[in-house]
Amino acid sequence: MDKFINCNILLLSDTMSFRIILLGPPGSGKGTQAEKLNDDLGLITLSTGDMLREAVRNGTELGKMAKSYMDKGGLVPDDVVIGLVKEKMATLKEGFVLDGFPRTVQQAEALGEFTEIHHVINLDVDDDELVSRLTKRRSCPDCKVVYHLLFKPPMKDGICDKCGAALYQRTDDTEETVRARLKVYRDNTFPLIEYYEKKGILVNIDGRGNINEIYEAIEASL
Ligand code: AP5
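Attention in this report is confined to the structure presented alongside it.

Thresholds, definitions, all that
Residues numbered from 1 in each chain as written. Predicted model: local features only at pLDDT ≥ 70, side-chain atom pairs only at ≥ 80, totals over all residues. Heavy atoms only, no water. Near = heavy atom within 4 Å. Polar contact = N/O pair within 3.5 Å; in protein donor to acceptor, adjacent residues only side chain to side chain. Areas by Shrake-Rupley, 256 points an atom, 1.4 Å probe, with all protein chains shown as cover. Helix = DSSP H or I, 4+ residues; strand = E, 2+ residues; numbered from the N terminus. Buried < 20%, exposed > 50% of the residue type's maximum accessible area, 1.4 Å probe, protein only. Phe/Tyr/Trp six-rings, centres within 6.5 Å; stacked < 30°, edge-to-face > 60°. Lys NZ or Arg CZ within 6 Å of the ring centre and 35° of its normal. Axes fitted to C-alpha atoms, helices over the stretch in contact; angles between N-to-C directions. Parallel < 35°, antiparallel > 145°, perpendicular 65-115°, else oblique. Contact = heavy atoms within 4.5 Å. Nonpolar A, V, L, I, M, F, W, Y, C, P; charged D, E, K, R; others polar.

Looking at the ligand, there are 35 residues lining it, with Thr 32, Gly 74, Arg 103, Arg 137 and Arg 181 nearest. In the model, a nitrogen atom of the ligand is placed 3.1 Å from a nitrogen or oxygen of the Val 76 main chain. Contact distances for the ligand include 2.6 Å between an oxygen atom and a side-chain N or O atom of Arg 181. Protein contact buries 97% of the 1000 Å² of open area that the ligand shows by itself. Those elements that place two or more of their residues in the shell around the ligand are helix 3 (30-41), helix 4 (48-57), helix 8 (127-135), strand 6 (146-148) and helix 11 (211-221).

This paragraph deals with the environment of Ile 82. Its place among the elements puts Ile 82 in helix 6 (residues 78-89). With relative accessibility at 13%, the residue Ile 82 sits in the buried group.

Applying the stated criterion across every chain yields a total of two aromatic pairs. Ring centres 6.4 Å apart and planes at 80 degrees place the aromatic pair Tyr 185 and Phe 190 in the edge-to-face group. For Phe 190, a relative accessible area of 47% translates into the label partly exposed. For the pair Tyr 195 and Tyr 196, a centre-to-centre distance of 5.0 Å together with 85 degrees between the ring planes defines the contact as edge-to-face. Across this residue pair, the class does not change: Tyr 195 and Tyr 196 are buried. Sitting over the ring of Tyr 215, Lys 36 keeps its end group 5.7 Å from the ring centre. The residue whose ring lies beneath Lys 152 is Tyr 147, and the NZ or CZ to ring-centre distance is 5.4 Å.

Running from N to C, helix 4 and helix 6 cross one another at 105 degrees; their axes reach a closest spacing of 11 Å. When the interaxial angle is binned, helix 4 and helix 6 end up roughly perpendicular. Every residue of helix 6 that contacts helix 4 at Thr 48, Met 51 and Leu 52 is listed here: Val 81, Leu 84, Val 85 and Lys 88. Residue composition of the contact of helix 4 with helix 6, by class: five nonpolar, one polar and one charged.

All right, on to the side chain of Arg 53 then. Mapped onto the secondary structure, Arg 53 falls in helix 4. For Arg 53, a relative accessible area of 19% gives the class buried. Among all residues touching Arg 53, those that are not within four sequence positions of it are Met 70, Tyr 168 and Arg 170.

What follows is the structure in C-alpha cells.
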C-alpha cells in the first residue's frame, strides 16, 4: 500500500480508472516511464513490443511472422496487434498503461471501439538523442526492465538489478534499424498526435533530461 500512500496526487480509487497511452518515437522513454507508473501507481503495463518479443522468444507462429517485420524495423500488421491487445485487455480490471500501442490510426480507431482512454502522454525527443539512447540500451528478457549503459546502468555489469537475469541488446537496436524505425514512426504513428489532440486528451511532455523529472511532469499531468 505504501506506493499509493506516498503519492500525494492520486488516491487508490482514482488509479482504478486510469487508462493511459504513452506515445512517442522509439527510445523516447515509453517503457522507462511505464515501469515508473507501475511501481508508483500500480498501473498494469501492456507493451505490444514485449508481447511480440515474447512470442519470438517462444518460437510461436505469431513470433515467426512478427520477427520478419520487427527485424527490419517495420510494423506488424494491424489486425494481428489489435487482436493481441483486445484479448489481453479483456482480462484487465484495473487502470493500465499502453506502451507501443496504438501505432497507426487504424489501431487507434479499433482501440476506441473496445475501451475508453483518459490520457495520452506524448514524449518528445530529437532523433540524434534517440539513436544514442537505443544503441546503448540493454534490456532484461525476463522482467523487461530497460537500462542504458550511461544514463541508467545496472549495478552489476550485464545483470538485471531486479531479477538477476543476463541483459541483452535488442536485435532492432542497431543504428541502421533504429533509423528505419524512426521513419516508420514519422509515417505511421506521428499522425496520432493530431488524432488525440482533436479528442482533447493529449499532453505533450519534453522527454529529454532527467528520468525522474520527466516522470514528475507526467504524474502532474494526470
Ligand atoms: P517496441 O518494443 O514498442 O519499440 P519502440 O516503440 O520502438 O520503443 P522502444 O521500446 O524502442 O523505446 P521506448 O520509448 O520504450 O524507450 P525506453 O524506455 O526503452 O516495438 C518494437 C517493434 O515491435 C516495432 O518496431 C514493431 O515491429 C513491433 N510493434 C510493437 N508494437 C506494435 C504495434 N502496435 N503495431 C505494429 N507493430 C508493433 O528507453 C530507451 C533507452 O533510453 C533505454 O536505454 C533507457 O534507459 C534510456 N532512457 C529512457 N529515458 C531516458 C532519459 N530521460 N534520458 C536518458 N536516457 C533515457
